[in-house]
Amino acid sequence: MPKRNTQQRRHNIIADLNLHGEVSVESLAKHFDTSEVTIRKDLAALENSGLLLRRYGGAVALPSEITELKGETLSEQKRKIAKRASTLIRDHNRIIIDSGQTTAALVSELGNKNGLVVMTNALSIANEIHALESEPTLLMTGGTWDSNSEAFQGQVAEQVLRSYDFDQLFIGADGIDINRGTTTFNELIGLSRVMAEVAREVIVLVESEKITKKIPNLELSWEQIHTLITDDGLSSEMQDALTKQGVKLIIA
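Residues numbered from 1 in each chain as written. Predicted model: local features only at pLDDT ≥ 70, side-chain atom pairs only at ≥ 80, totals over all residues. Heavy atoms only, no water.

1. Digging into the overall build of the protein chain
- When helices and strands are tallied, the protein chain shows nine helices and 15 strands.
- A compact globule built from 252 residues should have a C-alpha radius of gyration of about 18 Å, and the protein chain, at 19 Å, falls within 12% of that.
- In terms of principal-axis extent, the alpha carbons of the protein chain reach across some 50 × 45 × 30 Å.
- In the protein chain, buried positions account for 44% of the 252 residues.
- Considering only intrachain contacts with a sequence separation of at least 6, the fraction spanning at least 24 residues in the protein chain is 59%.
- In the form shown here, the protein chain has an accessible surface area of approximately 13,100 Å², with 48% of it arising from carbon and sulfur atoms.
- Computing the positive centroid from 27 side-chain charges and the negative centroid from 35, the protein chain places the two 2 Å apart. (Helix = DSSP H or I, 4+ residues; strand = E, 2+ residues; numbered from the N terminus. Rg over C-alpha atoms; globule rule 2.2 N^0.38 Å. Buried < 20%, exposed > 50% of the residue type's maximum accessible area, 1.4 Å probe, protein only. Contact = heavy atoms within 4.5 Å. Areas by Shrake-Rupley, 256 points an atom, 1.4 Å probe, with all protein chains shown as cover. Lys, Arg positive; Asp, Glu negative; His and termini not counted. Charge placed at Lys NZ, Arg CZ, Asp CG, Glu CD.)

2. Remarks on the sheet that holds strand β2 (residues 53-55)
- Ordered in space as β1-β3-β2, the three strands form an open sheet in which the pairing is antiparallel. On the outer flanks of this sheet lie β1 (22-24) and β2, each paired with one strand and no other. Between one strand axis and the next, the sheet turns through 25° on average, direction left out of account.
- Relative to strand β3 (residues 58-60), β1 runs antiparallel, the two sharing three bridges. Residue pairing for β3: Val-23 is matched across the bridge by Ala-59. (Pairing = 2+ DSSP bridges. Axes fitted to C-alpha atoms, helices over the stretch in contact; angles between N-to-C directions.)

3. Description of the side chain of Lys-113
- Inspection of the secondary structure assignment puts Lys-113 in the loop between α5 (101-104) and β5 (117-120).
- One buried charged side chain, Lys-113, makes no salt bridge at all; its nearest oppositely charged neighbour is Asp-91, positioned 5.8 Å away.
- Among the polar contacts listed, one links the side chain of Lys-113 to the backbone oxygen of Ser-86, at a separation of 3.0 Å.
- A polar contact is formed between the side chain of Lys-113 and the backbone oxygen of Ile-89, at a distance of 2.9 Å.
- Setting aside chain neighbours within four positions, we find Lys-113 in contact with Ser-86, Ile-89, Asp-91 and Ser-134. (Salt bridge = Lys/Arg side-chain N within 4 Å of Asp/Glu carboxyl O. Polar contact = N/O pair within 3.5 Å; in protein donor to acceptor, adjacent residues only side chain to side chain.)

4. Some remarks on the pattern of salt bridges
- Applying the stated rule across the entire model yields 13 salt bridges.
- As a salt-bridge pair, Glu-26 and Lys-30 come within 3.5 Å of each other at their nearest N and O atoms. On the criterion of helical spacing, the pair formed by Glu-26 and Lys-30 is a turn pair, its members being four residues apart in helix α2 (residues 25-32).
- Taking the relative accessible area as the measure of exposure, Glu-26 reaches 46% and is therefore partly exposed.
- With a closest N to O distance of 3.5 Å, Asp-165 and Arg-200 form a salt bridge. Placement of the pair is Asp-165 in the loop between α7 (155-162) and β9 (166-171) and Arg-200 in strand β12 (residues 199-205), with a sequence separation of 35 residues.
- Looking at Asp-165, the relative accessible area reads 41%, which means it is partly exposed.
- Connected via shared salt-bridge partners are Arg-9, Arg-10, Asp-42 and Glu-150.

5. Examining the pairing of β12
- Where burial is concerned, most of β12 is hidden: five out of the seven residues are buried.
- Here β9 runs beside β12; their pairing, made up of five bridges, is parallel. In the strand pairing of β12, Phe-166 is matched with Ala-199.
- Relative to strand β14 (residues 227-230), β12 runs parallel, the two being bridged by three bridges. Paired with Leu-205 across the two strands is Ile-229, which belongs to β14.

Function cannot be read off these values alone, since they describe shape.
Written as structure tokens, this is what we have:
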């Protein structure tokens, strides 16, 4: 029941936002008779899903040009990146698919792979894997549920991961720092680093628009990353800058 209430509240927040163009944390907390902390978590989760933009004290609706791009261009970018990533997976590989929209797009490309073992920390990805006709062996990290990332995190998840070894990790990023590596809004970065430790190859899936996006939290350094797959929106100068970091760059 609490999860359904959360989903309904967030649906109503978006409806209110689309009607008025902006909302405040204070007014939403009063309207839903809940705490401002809960509303801030709602707004953070909705922003991570690309449904609004947070502002001090509340949130505003996405500009129409951004929503048009999301509906037409970004989904196509994710699909192409995921399709290209799937060509790196061999039958019987043991892989990790981290939570995220681009990584989730990879699942639909696994239908023709045989004998896969797939670990994930996301329930939504696990459900999609379970529905595949090829029936990969599915492993879940377990752990502490994080409502912002919609995935399991924490020490239990890390311990489970360390009891296995994997051929490949497929992981996304909120941003790319050319000098440092992948960056994220999420402060829970421990699990991502353990995922990288237990995989022989770390493959980052990220849209070109996120490259050079300024985000404070370093997730994986370039030393931990083997391959980066992105779309064709990068300039030749940016491509050169990435390859100089020692990663294999693939343009989907």
